[in-house]
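A look at the structure
The lines below spell out each chain.
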Amino acid sequence: MKAFVIVLASLATLLAVGGASKVRYDNFKVFKIRTKSVEQQKWIEKLASDSKNFNLWHSGNKEVHIMVNPQKLINLQNYTRSYSLPMEVMVSNVQSLIDGEQSTRSADDTSSFGWTRYYPLSAIEAFLDDILTKYPSVTSAIDIGTSYEGRKIRGIKISYKEGNPGIFIESNIHAREWITSATATWLINELLTSTDEKVRNLAENHDWYIVPVLNVDGFAYTHTTDRMWRKTRQPVDGSDCIGADPNRNYDSHWMENGGASSNPCDETYAGSQPFSEPEVKALADYVASIKDRLNIMLAFHSYSQVLLTPYGWTKDPPENNDDLIAVAKAYSDAVLELPYQTKYTYGATADVMYFASGACNDWAYSEQNISLSYTIEFRDTGRYGFILPPIQILPHCEDTLTGLLALVEKADELGYLALKY
Ligand code: 0X9
Ligand code: ZN
Ligand code: ZN
């Protein structure tokens, strides 16, 4: 009898888990609001602590993008009206964007990995395994570590020969930024299969360390439960809110100058202490162990189409700022030449975006002596935001490859690819 009860109980759990409903965003809208002062920007950002009803999509120079529950729209409007802040609808129904996101899925998409749709973590892992078996002499698996929920964080190293300068790519640290891992996997495939002479040089004369999905728990959660999730999934002591912003959790000027929040319910919660998030700690330990082999650090994010240079925690420029900017400009100029004419801007995070402390690229730059460190915010500028239609994945990947070719060429020209060991 007892055994029977246990079976029934676990069946119920199974059903509950299997049928767990997804968070819906019916009629949620995203507004673009022009702010006139930092105070106004901060006030609107603060609305987002009410994470069920508001969610910050972007906050930059005099412009905030915020997702709003239609029932709470009045709270926002009262404010924007009283200061007569221009406000326009960017997305009129977030749920229809989410529903449409995977609708271009074709019948054979389920059997093979590709770049015409977005894939769950299991498919990305299968892709990595496939690549590792197909190219055993030039690829190797990197075991970064284990997430809070016990998932493996995986990376891949591509190395055609000894003595190459190293390029590290951290991707999908923010769970909902799906275009980042789609791009990272495409890049892995391209480096191994392209016959273009320039790409062969990029692949064979540099060592690539690529982690397509760092925030594995958050990423899985965006697929199963909440498409708009950003943070990790580690519970916070004494709070009902879950997770920290992993890109505020690196041990470099942590929580300085208002570059992160101490409120666990905020999207930019820095964590209880530097490296409190196991995923961030794992990545940092791995990077530290090979830092002498790394010349360039790239953190893939979306969205805004901007290359962000250090620092995020101060407006004081870093010592090699001119070079950092020249290399970013090379990327931007090259991408603009393509038929898509995608425009990337560039500049220091704290200048062109906002104060952000404890970010990966600042940590790599300041604490690991990797003098070319960037956050790259991918497509778009707000039409679709985080829900970039799959039809744009391949064009965006072309943008990225062209940008990277120019970035690496400029880095070389300025002497940044010399061996450090
Ligand atoms: O806020 C972030 O973490 C990044 N933007 S996002 O919209 N993808 O969340 C920007 C990080 C900037 N990097 C530095 N602080 N250096
Ligand atoms: Zn400091
Ligand atoms: Zn991000």
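Residues numbered from 1 in each chain as written. Chains lettered and ligands numbered in written order. Predicted model: local features only at pLDDT ≥ 70, side-chain atom pairs only at ≥ 80, totals over all residues. Heavy atoms only, no water.

Right, let's get into the overall build of the protein chain. Looking only at helices and strands, one finds 13 helices and 12 strands in the protein chain. The C-alpha radius of gyration of the protein chain comes to 21 Å, within 12% of the 22 Å expected for a compact globule of 421 residues. Overall size of the protein chain, expressed as C-alpha extent along the three principal axes, is 65 × 55 × 40 Å. For the protein chain, the proportion of its 421 residues judged to be buried stands at 57%. (Helix = DSSP H or I, 4+ residues; strand = E, 2+ residues; numbered from the N terminus. Rg over C-alpha atoms; globule rule 2.2 N^0.38 Å. Buried < 20%, exposed > 50% of the residue type's maximum accessible area, 1.4 Å probe, protein only.)

Attention now goes to the site of ligand 1. Near ligand 1 lie 18 residues; those nearest to it are Arg230, Arg248, Tyr354, Asn361 and Glu377. Within the side chain of His174, one N or O atom sits 3.3 Å away from an oxygen atom of ligand 1. Protein chains shield 98% of the accessible area of ligand 1, which is 420 Å² for the free molecule. (Near = heavy atom within 4 Å. Polar contact = N/O pair within 3.5 Å; in protein donor to acceptor, adjacent residues only side chain to side chain. Areas by Shrake-Rupley, 256 points an atom, 1.4 Å probe, with all protein chains shown as cover.)

On inspection of all chains with the given rule, the structure shows 22 aromatic pairs. Summarising the aromatic geometry, the rings of Phe275 and Trp363 are spaced 6.2 Å apart at their centres and angled 85 degrees between planes, so their arrangement reads as edge-to-face. Taken together, the residues span a long stretch of sequence, with Phe275 in the loop between α8 (216-224) and α9 (278-290) and Trp363 in helix α12 (residues 360-368) at a distance of 88 residues. The residues Phe275 and Trp363 share a single accessibility class, namely buried. Cation over ring: Arg233 sits above Trp229, and NZ or CZ is 4.6 Å from the ring centre. Lying across the ring of Tyr421, Arg293 places its NZ or CZ 4.4 Å from the centre. (Phe/Tyr/Trp six-rings, centres within 6.5 Å; stacked < 30°, edge-to-face > 60°. Lys NZ or Arg CZ within 6 Å of the ring centre and 35° of its normal.)

With that settled, the discussion passes to the packing of helix α6 (residues 178-193) against helix α7 (residues 197-204). Where α6 meets α7, the axes come as close as 8 Å, and the angle between the chain directions of the two elements is 105 degrees. It follows from the interaxial angle that α6 and α7 lie roughly perpendicular. Packed against α6, whose contacting residues are Glu190, Leu191, Leu192 and Thr193, the element α7 presents Val199, Arg200, Leu202 and Ala203 at the interface. The residue makeup of the contact of α6 with α7, split by class, is 5 nonpolar, 1 polar and 2 charged. (Axes fitted to C-alpha atoms, helices over the stretch in contact; angles between N-to-C directions. Parallel < 35°, antiparallel > 145°, perpendicular 65-115°, else oblique. Contact = heavy atoms within 4.5 Å. Nonpolar A, V, L, I, M, F, W, Y, C, P; charged D, E, K, R; others polar.)

Turning to the UniProt feature "domain: Peptidase M14" (unreviewed entry) in the protein chain, a few remarks are in order. Mapped onto this structure's residue numbering, the UniProt feature "domain: Peptidase M14" (unreviewed entry) falls at residues 117-411. Annotated as residues 117-411, this span is 37% helix and 17% strand, and its ends, taken at the C-alpha atoms, are 33 Å apart. (UniProt positions renumbered as here; feature names shortened; annotations may be inferred.)

What follows is about the UniProt feature "active site" (unreviewed entry) in the protein chain. Mapped onto this structure's residue numbering, the UniProt feature "active site" (unreviewed entry) falls at Glu377. One can find Glu377 in strand β12 (residues 372-378). Leaving out residues up to four positions away in the same chain, Glu377 has contacts with His301, Ser302, Tyr303, Ser304, Gln305, Val306, Leu308, Tyr344 and Met353.

Before going further, it helps to examine the pattern of salt bridges. Tallied over the entire structure, the rule returns 17 salt bridges. Between Glu101 and Arg227 there is a salt bridge, and its shortest N-O distance comes to 2.9 Å. Note that Glu101 is positioned in helix α4 (residues 94-101) and Arg227 in the loop between α8 and α9, a separation of 126 residues in sequence. As far as burial versus exposure is concerned, Glu101 and Arg227 are alike and both buried. Residue Arg200 is joined to Glu204 by a salt bridge in which the shortest nitrogen-to-oxygen separation is 2.6 Å. Highlighted residues: Arg200 and Glu204, both in helix α7, separated by 4 residues, approximately one helical turn. Among the residues examined, Arg200 registers a relative accessible area of 18% and is labelled buried. (Salt bridge = Lys/Arg side-chain N within 4 Å of Asp/Glu carboxyl O.)

Before going further, it helps to spend a moment on the coordination of the zinc ion (ligand 3). Binding of the zinc ion (ligand 3) to the protein goes through His174 (ND1), Glu177 (OE), Glu177 (OE) and His301 (ND1), at separations of 2.0 to 2.3 Å. Binding-site remark: the zinc ion (ligand 3) is held by donors from one chain whose sequence spacing is H-x2-E-x123-H. Note that His174 is positioned in the loop between β7 (166-171) and α6 and His301 in strand β9 (residues 294-302), a separation of 127 residues in sequence. Residues His174 and His301 agree in their burial class; the two are buried. (Donors = N, O, S within 2.8 Å, 3.2 Å for Na, K, Ca; no water.)

With that settled, consider the state of the cysteines. Joining two cysteines, a disulfide is a covalent bond between their sulfur atoms. Per the counting criterion, the structure on display carries 1 disulfide. Covalently, Cys241 is tied to Cys265 through a disulfide, its sulfur atoms 2.1 Å apart. On the S-S bond that ties Cys241 to Cys265, the torsion sits near 95 degrees, and the link is right-handed. Highlighted residues: Cys241 in the loop between α8 and α9 and Cys265 in the loop between α8 and α9, separated in sequence by 24 residues. Taking relative accessible area as the criterion, Cys241 reaches 17% and is therefore assigned buried. (Disulfide = S-S within 2.5 Å.)

What follows is about the confidence of the model for the protein chain. Averaged over the protein chain, the pLDDT score is 93; the fraction of residues at 70 or greater is 94%. Low confidence marks residues 1-16, where pLDDT is under 50. Its contacts with residues over four positions away, or in another chain, come to 0 contacts. (pLDDT = per-residue confidence, 0-100.)

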